[in-house]
Protein chains: 2
Amino acid sequence: MIRLLLADDEHLIRGAVAALLALEPDIDVVAEVADGPSALKAAKELRPDVAMLDLEMPDMDGIELAEALRDELPKTRIAIVTRHARPGVLHRALNAGVLAFVPKTAQAQSLADVVRKVNAGQRCIDPDLATQALLAGPCPLTPRELDVLRESREGATVQVIAQRLHLTQGTVRNYLSTAMTKLDAETRYEAAQRAWELGWL
Amino acid sequence: MIRLLLADDEHLIRGAVAALLALEPDIDVVAEVADGPSALKAAKELRPDVAMLDLEMPDMDGIELAEALRDELPKTRIAIVTRHARPGVLHRALNAGVLAFVPKTAQAQSLADVVRKVNAGQRCIDPDLATQALLAGPCPLTPRELDVLRESREGATVQVIAQRLHLTQGTVRNYLSTAMTKLDAETRYEAAQRAWELGWL
DNA sequence: CTGCCGTACTGACAAATGTCATCGGCAGTA
DNA sequence: TACTGCCGATGACATTTGTCAGTACGGCAG
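Because the structure is a prediction, the values reported are computed rather than measured.

Quick word on the overall build of chain A
Part 1 of the reasoning: When helices and strands are counted, chain A shows 10 helices and 6 strands.
Part 2 of the reasoning: For the C-alpha atoms alone, the extent of chain A along its principal axes is close to 60 × 35 × 30 Å.
Part 3 of the reasoning: Relative to its 201 residues, chain A shows a buried fraction of 42%.
Part 4 of the reasoning: Within chain A, counting contacts between residues at least 6 apart in sequence, those at least 24 apart form 64% of the total.

Pasting the structure below:
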């Protein structure tokens, strides 16, 4: 019997998936939670074999949650389910010890198989996504460049970014400039947009 | 027997929801499609009683699809399901003749009830969302202002926007300026971001 | 018929932004 | 040791931007 934890903030999906997987004779859905912290808490109490996590969740994103689980409960196998799979996120997920990466465009029937494979310790990555990630290559941006891009995405001015990151305006502009060059963008907002689409933010 | 059409580009969710609703004795899922155009085609052929549409779909957004359905098959009752319900979208959906508006954070069990209510011609709007929409009020932006904001969201420069909309740079800047004033934003990107969050783009 | 509003444009000005060259410090590493 | 790369900063420069004032035209409600 595979003991499964489900984390997804969309009740509708979580409920439906739970109902579907519960029909499988060898799968037992032991917990359903809606956010990262409660997933962590439930996992510590119930020690599931497999944790199936949504990538987009309030409070704690799926990757952070995966990292926390890896550190605290290394025996738990982790599968990530996501809506729009951005290539860069795959890199980070794999580094966090995630075994499976499934887009929500996958067939519902295939989910049970993913759970079984992950439970057996096998990797299970969407092939399209894997090639996309390979083509995009690793992120060329430095941590600081990522920081300023993250702030830019919300439309912050250089002044505001400089304050928030405790930097000079000139420094911020330089980081933005190099990031724009690396991403072949005309404006920082375009750069931020692109970096996000590639999953680097 | 309620004949239901399901449109959602996420197979995983669509499959799970279809499986759940098919268990209901009075609901018959007659079609499952992944995008707007095929939903329209399927609806014309099968004449479902209720169409349950995802808001975010490739090619044709849920609202456009609802409008098309209203024009071509006015007898079809429409329910919209969405992930992040932005208030402004509700306005547009209601104008498009949509009866139900359900966030994906709703309970899976409640879905069947929504289908039944909609089939009976009753409205079924998430109360939280309704109050949010009331508080935000109607969109104060003119159509042209919305146009330039839409372009801004992808990080386009004034030059590019002017070209794409066949306007002068000065005109574009003026529209951006008024939009920023109305939205109380420091930069056009912040304005675009805010307008999007309110569901006006 | 007369405001009022949305659309579209012009010109001018100050401020914000993007680019470049250059510097110093610090951590790997060949 | 010398080299490389990231971090942080400075100063100067040309562009881009946001803002403001003003013009003009069409549609529409009072």
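As for the UniProt feature "domain: Response regulatory" (unreviewed entry) in chain A
Part 1 of the reasoning: Per the UniProt entry, the sites bearing "domain: Response regulatory" (unreviewed entry) are residues 3-119 of chain A in this numbering.
Part 2 of the reasoning: Helix makes up 45% of residues 3-119 of chain A and strand 23%, and the two end C-alpha atoms of the span are 9 Å apart.

Regarding the protein's contact with DNA strand D
Part 1 of the reasoning: The full set close to DNA strand D counts 20 residues, and T142, L167, T168 and G170 of chain A together with V158 of chain B are the nearest of them.
Part 2 of the reasoning: At the level of elements, α7 (143-152) and α9 (169-183) of chain A together with α8 (158-165) and α9 (169-183) of chain B are the ones that each hand at least two residues to the surface near DNA strand D.
Part 3 of the reasoning: For the surface near DNA strand D, the element with the highest residue contribution is α9 of chain B, accounting for 5 residues.
Part 4 of the reasoning: Per-class residue counts for the surface near DNA strand D are 5 nonpolar, 11 polar and 4 charged.

Here we look at helix α6 (residues 127-136) of chain B
Part 1 of the reasoning: Burial runs low along α6 of chain B: only 1 of the 10 residues are buried.
Part 2 of the reasoning: Where α6 of chain B terminates, the next one or two residues include G137 of chain B, which has phi positive at roughly 70°.

Examining the sheet that holds strand β1 (residues 2-7) of chain B
Residue and element names in this part refer to chain B.
Part 1 of the reasoning: Strand order in the open sheet made by the 6 strands is β2-β1-β3-β4-β5-β6, with parallel pairing throughout. Edge positions in the open sheet fall to β2 (27-33) and β6 (124-125), since each of these has one partner strand only.
Part 2 of the reasoning: Its contacts with the sheet put helix α3 (residues 62-72) on β3 (50-54) and β4 (77-82), and the angle it makes with β3 is roughly 160°.
Part 3 of the reasoning: Along the sheet, helix α5 (residues 110-119) makes contact with β1, β2, β3, β4, β5 (100-103) and β6, crossing β4 at roughly 150°.

Re the nonpolar core
Across soluble globular proteins, you tend to see nonpolar side chains buried next to one another.
Part 1 of the reasoning: Core analysis: the largest hydrophobic core is formed by 92 residues, its most contacted members being A79, I80 and V115 of chain A together with A79, I80 and V115 of chain B.
Part 2 of the reasoning: In this structure, V115 of chain A is in contact with I2, L4, L21, I27, V50, M52 and A79 of chain A, ignoring residues within four places of it in sequence.
Part 3 of the reasoning: Within the second largest apolar cluster, 34 residues are counted, among which are V148 of chain A together with V148, Y175 and L176 of chain B.

A closer look at the UniProt feature "modified residue: 4-aspartylphosphate" (unreviewed entry) in chain A
Residue and element names in this part refer to chain A.
Part 1 of the reasoning: Per the UniProt record, "modified residue: 4-aspartylphosphate" (unreviewed entry) is annotated on D54.
Part 2 of the reasoning: Relative to the assigned elements, D54 resides in strand β3 (residues 50-54).
Part 3 of the reasoning: Owing to 25 C-beta atoms within 10 Å, D54 belongs among the buried residues under this scheme.
Part 4 of the reasoning: Apart from residues no more than four positions distant in its own chain, D54 is found in contact with A7, D8, D9, G62 and V81.

Focus: the relation of the copies chain A and chain B
Taken together, a rotation about one axis and a shift along it account for how the two chain copies relate.
Part 1 of the reasoning: Between chain A and chain B, the superposition needs a rotation of 180° and an axial shift of 0.0 Å, giving an RMSD of 0.1 Å. The relationship between the two copies is best expressed as a two-fold rotation axis. Residue A16 of chain A, judged by its C-alpha, is the member of chain A lying nearest the rotation axis, at 2.5 Å.
Part 2 of the reasoning: Of all interface residues in chain A, 96% are interface residues in chain B too; the two copies therefore contact each other through one and the same surface.

Structural notes on α5 of chain B
Part 1 of the reasoning: Every buried residue of α5 of chain B is listed here: L111, V114, V115 and V118 of chain B. Taken end-on, α5 of chain B shows its buried residues confined to a sector of 100°, consistent with a single buried face.

What about the interface of chain A and chain B?
Part 1 of the reasoning: Tallying the contact residues gives 27 residues for chain A and 26 residues for chain B.
Part 2 of the reasoning: Counting only elements with at least two residues in the side of chain A that touches chain B, the list comes to α1 (11-22) and α10 (188-197) of chain A.
Part 3 of the reasoning: Class assignment for the residues of the side of chain A that touches chain B results in 11 nonpolar, 9 polar and 7 charged.

Parameters and conventions
Residues numbered from 1 in each chain as written. Chains lettered and ligands numbered in written order. Predicted model: local features only at pLDDT ≥ 70, side-chain atom pairs only at ≥ 80, totals over all residues. Helix = DSSP H or I, 4+ residues; strand = E, 2+ residues; numbered from the N terminus. Buried ≥ 20, exposed ≤ 12 C-beta atoms within 10 Å, placed from the backbone. Contact = placed C-beta atoms within 7 Å. UniProt positions renumbered as here; feature names shortened; annotations may be inferred. Near = placed C-beta within 6 Å. Nonpolar A, V, L, I, M, F, W, Y, C, P; charged D, E, K, R; others polar. Pairing = 2+ DSSP bridges. Axes fitted to C-alpha atoms, helices over the stretch in contact; angles between N-to-C directions. Core = buried A, V, L, I, M, F, W, Y, C linked by C-beta atoms within 7 Å. Least-squares fit on C-alpha atoms with pLDDT ≥ 70 in both. Arc of directions from axis to C-beta.

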